[in-house]
Amino acid sequence: MAEAADFPTVSPSPARRLLRRTGALLAAAPLLASLPLLPAATPAGAATPTTAASSATGTSTVAVAVNSLSPSAPTDGDTVTVSGRVTNNGKQTVTGAHVGLRVGASYSSRTTVDEAAKRGTGGAADGTEVSRKYGKKLPRLAPGVTQDFTLSVPVKALHLGADGVYQLSVALMGQTAAQPYQQTLGIQRTFLPWQPSGADTSTKTTALWPLISDSHLTAETGANEQQTPVFDDNDLAKQIGPGGRLQQMLALGSELDVTWVIDPDLLASVDAMTEPYKVKGPGGKLRAGRNQANAKQWLSDLETAVQGQKVVTLPFADPDLASLAHTGTKVTGSLGHLKDATDAANLTVQTILHTKPDTSYAWPAEGAVDRDIVKVATSAGADKIIARSDHFPETGGLTYTPSAARPIGGGASAVVADGRLSTAFQGDMTVAENSTLAVQKFLAQSLMLNKQTDKQRSVVVAPQRMPTASQAQTMARALHALQEGTWTQPQTLSAAVKAKPDPAATTRVPRAYPSSLRKQELPQSAFEQIQATQRDLENFKVVLTDQSRVVTPFGRALDREMSTSWRAESGTSGKFRDGVSSYLSGLAEQVALIDKSEVKLSGRSATIPVSVQNNLWQDVDHLTLRLTSGNGTRLKIGGDTFQDQEVKIASGHSQSVKFTTTAKATGPIWVHAQLYTQDGAPYGEPLAFKVDVTEVTPTVMLVIAGGVLLLVLAGYRMYQQRKRAVAAQPGKDAPEGDSAAADDEEADEPAGDSAAPARADVPQQPSDPTADTAPESTDPSGTGERVDR
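Described below are features of the structure shown in this document. None of the values given here were measured: they were computed from a predicted structure. (Residues numbered from 1 in each chain as written. Predicted model: local features only at pLDDT ≥ 70, side-chain atom pairs only at ≥ 80, totals over all residues. Heavy atoms only, no water.)

1. Concerning the overall build of the chain
Piece 1. The helix and strand tally for the chain stands at 22 helices and 30 strands.
Piece 2. Considering the chain as a whole, with its 789 residues, one finds that 45% of them fall into the buried category.
Piece 3. For the chain, restricting intrachain contacts to residue pairs at least 6 apart in sequence, the fraction spanning at least 24 positions comes to 77%.
Piece 4. Here the chain displays about 38,000 Å² of accessible surface, and carbon together with sulfur accounts for 53% of that area. (Helix = DSSP H or I, 4+ residues; strand = E, 2+ residues; numbered from the N terminus. Buried < 20%, exposed > 50% of the residue type's maximum accessible area, 1.4 Å probe, protein only. Contact = heavy atoms within 4.5 Å. Areas by Shrake-Rupley, 256 points an atom, 1.4 Å probe, with all protein chains shown as cover.)

2. As for the sheet that holds strand β16 (residues 361–362)
Piece 1. Ordered in space as β16-β17-β19-β18, the four strands form an open sheet in which the pairing is mixed. The strands lining the two open edges of the sheet, one partner per strand, are β16 and β18 (405–409).
Piece 2. Here β18 runs beside strand β19 (residues 412–417); their pairing, made up of four bridges, is antiparallel. The residue bridging Pro407 from the neighbouring strand is Ser413, located in β19. (Pairing = 2+ DSSP bridges.)

3. Things to note about the pattern of salt bridges
Piece 1. For the coordinates displayed, the defined rule picks out 20 salt bridges.
Piece 2. Notably, a salt bridge pairs Glu129 with Arg102, separated by 3.8 Å at the nearest N-O pair. Of this pair, Glu129 sits in strand β4 (residues 128–129) while Arg102 sits in strand β3 (residues 94–106), and the two are 27 residues apart along the sequence.
Piece 3. The closest approach of N and O atoms between Lys384 and Asp383, which form a salt bridge, is 3.1 Å.
Piece 4. The exposure class of Asp383 is partly exposed, given its relative accessible area of 30%. (Salt bridge = Lys/Arg side-chain N within 4 Å of Asp/Glu carboxyl O.)

4. Here's the deal with a positive patch on the surface
Piece 1. A surface patch of positive charge is lined by Arg371, Lys375, Arg508 and Arg511.
Piece 2. Tracing the backbone shows Arg511 in the loop between α16 (493–498) and α17 (515–518). (Patch = residues over 30% accessible without salt bridge, like charges linked within 9 Å, V, L, I, M, F, W, Y side chains within 5 Å. Lys, Arg positive; Asp, Glu negative; His and termini not counted. Charge placed at Lys NZ, Arg CZ, Asp CG, Glu CD.)

5. Description of the packing of aromatic side chains
Piece 1. The full count for this structure, using the stated rule, is five aromatic pairs.
Piece 2. Measuring from ring centre to ring centre gives 5.8 Å for Phe554 and Tyr583, while their planes differ by 20°; the resulting arrangement is stacked. Highlighted residues: Phe554 in helix α19 (residues 548–560) and Tyr583 in helix α20 (residues 570–588), separated in sequence by 29 residues. Both residues of the pair, Phe554 and Tyr583, count as buried.
Piece 3. Each ring, one from Trp566 and one from Phe576, has its centre 5.4 Å from the other, and the planes form 45°; the classification is tilted. Here Phe576 lies in helix α20 and Trp566 lies in the loop between α19 and α20, a separation of 10 residues in the sequence.
Piece 4. Taking the relative accessible area as the measure of exposure, Trp566 reaches 6% and is therefore buried.
Piece 5. Arg556 extends its terminal NZ or CZ atom over the ring of Phe316, reaching a point 5.4 Å from the ring centre. (Phe/Tyr/Trp six-rings, centres within 6.5 Å; stacked < 30°, edge-to-face > 60°. Lys NZ or Arg CZ within 6 Å of the ring centre and 35° of its normal.)

6. Observations concerning the side chain of Asp358
Piece 1. Looking at where Asp358 falls in the secondary structure, it is placed in the loop between α11 (334–353) and β16.
Piece 2. For the buried Asp358, no salt bridge exists, and the shortest N-O distance to an oppositely charged side chain is 5.0 Å, to Lys310.
Piece 3. Of note is the side chain of Asp358, whose polar atom sits 2.6 Å from the side chain of Ser360.
Piece 4. Excluding its chain neighbours within four sequence positions, the residues that come into contact with Asp358 are Lys310, Val311, Val312 and Thr313. (Polar contact = N/O pair within 3.5 Å; in protein donor to acceptor, adjacent residues only side chain to side chain.)

7. Here we look at the packing of α19 against α20
Piece 1. As a packed pair, α19 and α20 sit with axes 10 Å apart at the nearest point and diverge in direction by 160°. Judged by the inter-axis angle, α19 sits roughly antiparallel to α20. In this structure, α19 meets α20 at a crossing whose hand is left-handed. Seen from α19, the contacting residues are Phe554, Ala557 and Arg560; seen from α20, they are Phe576, Val580, Tyr583, Leu584 and Leu587.
Piece 2. Per-class residue counts for the contact of α19 with α20 are seven nonpolar, no polar and one charged. (Axes fitted to C-alpha atoms, helices over the stretch in contact; angles between N-to-C directions. Parallel < 35°, antiparallel > 145°, perpendicular 65-115°, else oblique. Left-handed = near helix turned anticlockwise from the far one by under 90°. Nonpolar A, V, L, I, M, F, W, Y, C, P; charged D, E, K, R; others polar.)

8. A look at α20
Piece 1. The first and last C-alpha atoms of α20 sit 28 Å apart over 19 residues, in line with the 27 Å expected at 1.5 Å per residue.
Piece 2. Among the residues making up α20, those that are buried are Ser573, Gly574, Phe576, Arg577, Val580, Ser581, Tyr583, Leu584 and Leu587.
Piece 3. Residues of α20 that are buried in the fold lie against β10 (217–221), α18 (524–541), α19 and β22 (591–593). (Expected span 1.5 Å × (residues − 1).)

9. Quick look at the environment of Pro154
Piece 1. Along the chain, Pro154 falls in strand β6 (residues 146–154).
Piece 2. Measuring from C-alpha to C-alpha, the distance between Pro154 and Thr81 comes to 8.6 Å, with 73 residues separating the pair along the chain.
Piece 3. Look past the residues within four positions of Pro154 in its chain and what remains in contact with it is Asp78, Thr79 and Tyr134.

10. A closer look at the sheet that holds strand β28 (residues 654–663)
Piece 1. The antiparallel open sheet is built from four strands, whose spatial order is β22-β24-β28-β26. Edge positions in the open sheet fall to β22 and β26 (635–637), since each of these has one partner strand only. Ignoring strand direction, the axes of neighbouring strands in this sheet form an average angle of 30°.
Piece 2. Alignment of β26 against β28, held across three bridges, turns out to be antiparallel.

11. Re the nonpolar core
Piece 1. Judged by nonpolar contacts, the single largest core of 74 residues is most densely connected at Phe540, Phe554, Leu625, Leu627, Phe689 and Val691.
Piece 2. Discounting chain neighbours no more than four positions away, the residues touching Phe540 are Val550, Leu584, Leu587, Ala588, Leu616 and Tyr683. (Core = buried A, V, L, I, M, F, W, Y, C linked by side-chain atoms within 4.5 Å.)

12. Concerning the environment of Leu267
Piece 1. Residue position: Leu267 is located in helix α8 (residues 264–272).
Piece 2. Here Leu267 is in contact with Ile262, Trp298, Leu299, Leu302, Thr348, Val349, Ile352 and Leu353, once residues within four sequence places are set aside.

Printed below as a string of structure tokens:
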């Protein structure tokens, strides 16, 4: 280049030009490598580089996972230990790396904590790195390789300042061949609550611990005295067994200061498993259940855990209050199920747990309420509605979170759980990092809530209804750390409700209901089907001598049809309702009329038998059988167009009911039989059969012909006897008068051993195994003559 300048007229040789270009590229290499670190505007429409070098840069090159942090809320003298793993997601090997802790500034509000949680990864490293002696060196991290780390740092080395929530980051510094200098290649941020000494004012915190499950027990029971219960599947047995979701919920809750919220349906279902029970298998085939020991152990442990504590009980099967309020009220009678479910809850808990429950609470799905839901809840006796702050927002511009309880009119109170704390444990908590971050965020929000004001407040945490086992474990870790913390104190739900309401807190029930939740509600057709089943149940139970065998299992099944758990399983709710309805219909059909073929009546008057079969386990009563003539002019029954007779049938038997008839004309006539309940409602399917009325039947003609034949034979015998008598006296003719006298005398003699031939058996109807009337005779027809079919 100097030569060209010195001698501008001389053109450089090709070799020199190549040397210059190579030198320029080598000189520009460091500058080009550093360009990704400098902010630069990209022209509109320009393509983003996708080279191997660019994919290996930035803080997304290495994924940093924080799998554990303890203690979650340290105090003076503690040592903070952070464990996790780093994974090279880039395409180049990372060299000269180390993992270290960084401490950032404290947060000023709950909102800033939310915003920080959204940017947990990526971006430039922030905060001050703790001394490198507490870090871990990673000389080489190849692409796709994962390596674990553990960092232990004394609290005093973190140089924390005033009480509050601090940002705590785990960052990996290193370099690659494309960027051969130290830079942040991966980072994960979390929260570190710092309250070493007791707070001036502590927050009273109530944690709800729900024991709720979806429906598993059917309305079906065994046809035996014990009414063996039948389960749709074996899922509940797995949940209460060792390591199961409900077994862990019980074990974890027993170690915490919580308020138990229990669905009595769960108790009833587990209690049913303590005795012999059946489980439906493939194709509906029943097999014996084998988890009685686990069921007894679970109930025993629960009874021990709740002794001396207040148990909040939901209505039986946890009815969906929002569905009832928005669509169920359009179907007459639906609200009656809520009151029945509340009464059943009280009895169930006292019977199984031997403790008196508190049934004054209602808990709509996800704590979303509106005025209709409040009306429905209070109609069943619940005057405390558990809501959630994200669905019950403040309207007064408060700068702090008020206490949970507040009056909403009509003698009812809303218990508004904190939305941030209540939703902290949702998502996949089987991933250790997700669980750890959730615990730290929960504690951070709780401490920031406490620091909002010097006023003491009562806060409620209402988590998801049916947490998974991993979610329950995360909840337990967070609550354990919170209850050992220095800024809160545990409190029961009843105490939270009695706390003095904040006068500045909103008491206005929201008008709008979240559209996303409304889509999950039961449709109106579901409540119409429930009411149809209820009507069938009412019609069926009145004929039973032991109604409890049917009313109790089906009443509870109807409660299950309205369960909130169907929101997560809308596709199977219809199948459950259909199963209950069809099973009830099948039971009712066990009491029915037995089919009849055509009936033939000989003569003007006769008896028609109609048989009723009872295949139930119990006797039936309060039934009336009505037989109606299709033509009252031609055929009368009991002297009228129809006749009613009461029916009472023993279990497993049939009864033949006889009706007297009078025919005015011959020919076929249709007759209709129908069972009715005591209140006049039709029961079961009607039976129609044809009656053929004939003046003289072939059987009667045969009898008459036989009688005539006997008379002829008797006369012929008398003639033969007379002839032999005359032949025995030769030459002596009997006088004409004597002959006549002899004839009269012979006529008066008995027939001796001669007798009329036996009559043929009368054909029997398959439905009538025994004869209902006397044998036919040649005498004139009279009332009570048997039916010749």
